[in-house]
Amino acid sequence: MKIILTYGTFDLLHYGHIRLLKQAKDLGDYLIVGLSTDEFNEKKGKKSYYNYAIRKELLEAIKYVDSVIPEECWEQKIEDIKKYHVDTVVMGSDWAGSDQFEYLRDYCNVEFLHRTEGISTTQIKEELHDSKKINKQKVLK
Ligand code: C2G
């Protein structure tokens, strides 16, 4: 049983997240997602649109995901790897070479997967905000 572990906020779930999770599951038999808690997001300088409970509910509905655990701090990864007998930690390529993951190579495999271009939670928020602004301007004319 090859166990894969990945981490993230997964806010405003989109096809980039889904493709990452599919790639991750394709590497093994069981996929665990360490989902950033609302409190940890604050430490990451992120404010998610959906709270932890909603983001967890959405992830658990995805066929590639076998379980979701809370990601509460940067330092929990080694403990997670040991506790869940993880073979490989995976992240999107935007994390490639990051100190937050390279040190894990002493404990398990680490792989960086293709990051889907042209979509991000930030981009979705910005485009929705701009379209609302444009619609408002149209109405005001
Ligand atoms: N991702 C992707 N393609 C995108 C957007 C995101 O492959 N277009 C991947 C990211 O590379 C990451 C995962 O989807 O592996 C989750 O992305 P985020 O929710 O943005 O996670 P992040 O804020 O990078 O948190 O301890 C690690 C952190 O919790 C990672």
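The following paragraphs examine the structure supplied in this document. (Residues numbered from 1 in each chain as written. Predicted model: local features only at pLDDT ≥ 70, side-chain atom pairs only at ≥ 80, totals over all residues. Heavy atoms only, no water.)

**Observations regarding the pairing of strand β4 (residues 88-92)**
Then step 1. The buried fraction of β4 is high, at 5 of 5 residues.
Then step 2. Burial of β4 is two-sided: the residues Thr88, Val90 and Gly92 facing one way and the residues Val89 and Met91 facing the other way are all buried.
Then step 3. Pairing of strand β1 (residues 3-8) with β4 involves 2 bridges; the strand directions are parallel. Each residue of the ladder has a partner; that of Ile4, found in β4, is Thr88.
Then step 4. Examined bridge by bridge, β4 and strand β5 (residues 109-113) share 5 bridges and lie parallel to one another. Bridge pairing in β5 links Val90 to Glu111. (Buried < 20%, exposed > 50% of the residue type's maximum accessible area, 1.4 Å probe, protein only. Helix = DSSP H or I, 4+ residues; strand = E, 2+ residues; numbered from the N terminus. Pairing = 2+ DSSP bridges.)

**Digging into the sheet that holds β5**
Then step 1. Here 5 strands make up an open sheet; going across it, the order is β3-β2-β1-β4-β5 and the pairing parallel. Every interior strand has two partners, whereas the edge strands, β3 (67-71) and β5, have only one. For this sheet, the mean angle separating the axes of adjacent strands, direction not counted, is 25 degrees.
Then step 2. Along the sheet, helix α1 (residues 15-26) contacts β1, β2 (30-36), β4 and β5; its crossing angle with β2, the most-contacted strand, is approximately 140 degrees.
Then step 3. Docked against the sheet, helix α3 (residues 52-60) engages β2 and β3, running at close to 165 degrees with respect to β2. (Axes fitted to C-alpha atoms, helices over the stretch in contact; angles between N-to-C directions. Contact = heavy atoms within 4.5 Å.)

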